[in-house]
Amino acid sequence: MYQIGGVSDHLHIITHLHPSVALATLVKDIKLSSSDYIKTQRLFPLFNGWQVGYAAFTYSPEAKNNLIFYVQNQEIHHKDQSYKEELIKFLEEYYIDYDEKYLF
């Protein structure tokens, strides 16, 4: 893991993933362990669990430092752009077809 951070409605994780590890397995493990920790430590009393879905993007290793900086500045970034706007921008920027009814 290189960086993790976010705001009230989402988070970003910058990491590398060994080819033998399935992305879905990694996300499942993160969601299960963090949900258990949040609940047992009573960190957020209204926390009911993570959303069902997730989004994942790959980048070149050369982009790592820019991505880390981006995640470190989420609060500033999201003063001007919502999570929904950000996700749609990424999908469109990388020509990924989507149906908005499945996003939120």
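Residues numbered from 1 in each chain as written. Predicted model: local features only at pLDDT ≥ 70, side-chain atom pairs only at ≥ 80, totals over all residues. Heavy atoms only, no water.

**A short note on the nonpolar core**
Now for step 1: In terms of nonpolar packing, the biggest core is built from five residues, these being Ile14, Ala63, Leu67, Ile68 and Val71.
Now for step 2: Considering each element in turn, this core owes the most residues, three residues, to helix α2 (residues 64-72).
Now for step 3: Residues contacting Ile14, with those up to four places away along its chain left out, are Met1, Tyr2, Gln3, Leu67, Ile68 and Val71. (Core = buried A, V, L, I, M, F, W, Y, C linked by side-chain atoms within 4.5 Å. Buried < 20%, exposed > 50% of the residue type's maximum accessible area, 1.4 Å probe, protein only. Helix = DSSP H or I, 4+ residues; strand = E, 2+ residues; numbered from the N terminus. Contact = heavy atoms within 4.5 Å.)

**Brief notes about the pairing of strand β1 (residues 3-7)**
Now for step 1: As defined by bridge partners, β1 adjoins strand β2 (residues 10-14) across five bridges and the pair is classed as antiparallel. Residue pairing across strands places Gly6 opposite Leu11, the latter belonging to β2.
Now for step 2: The hairpin turn running from β1 into β2, its antiparallel successor, is two residues long. (Pairing = 2+ DSSP bridges.)

**Topic: helix α4 (residues 83-93)**
Now for step 1: Every buried residue of α4 is listed here: Tyr83, Glu86, Leu87, Ile88, Phe90 and Leu91.
Now for step 2: Looking at the buried side of α4, the elements it contacts are β2, α2 and α3 (74-77).
Now for step 3: Once α4 finishes, Tyr95 follows within two positions and takes phi at roughly 55°, a positive value.

**Remarks on the pattern of salt bridges**
Now for step 1: Taken as a whole and assessed by the stated rule, the structure comprises one salt bridge.
Now for step 2: The partner of Glu100 in a salt bridge is Lys84, and the shortest N-O contact between them spans 2.9 Å. Placement of the pair is Glu100 in the segment after α4 and Lys84 in helix α4, with a sequence separation of 16 residues.
Now for step 3: In this structure Glu100 comes out as partly exposed when scored by relative accessible area, which is 37%.
Now for step 4: Classification of Lys84 by relative accessible area gives partly exposed; the value is 38%. (Salt bridge = Lys/Arg side-chain N within 4 Å of Asp/Glu carboxyl O.)

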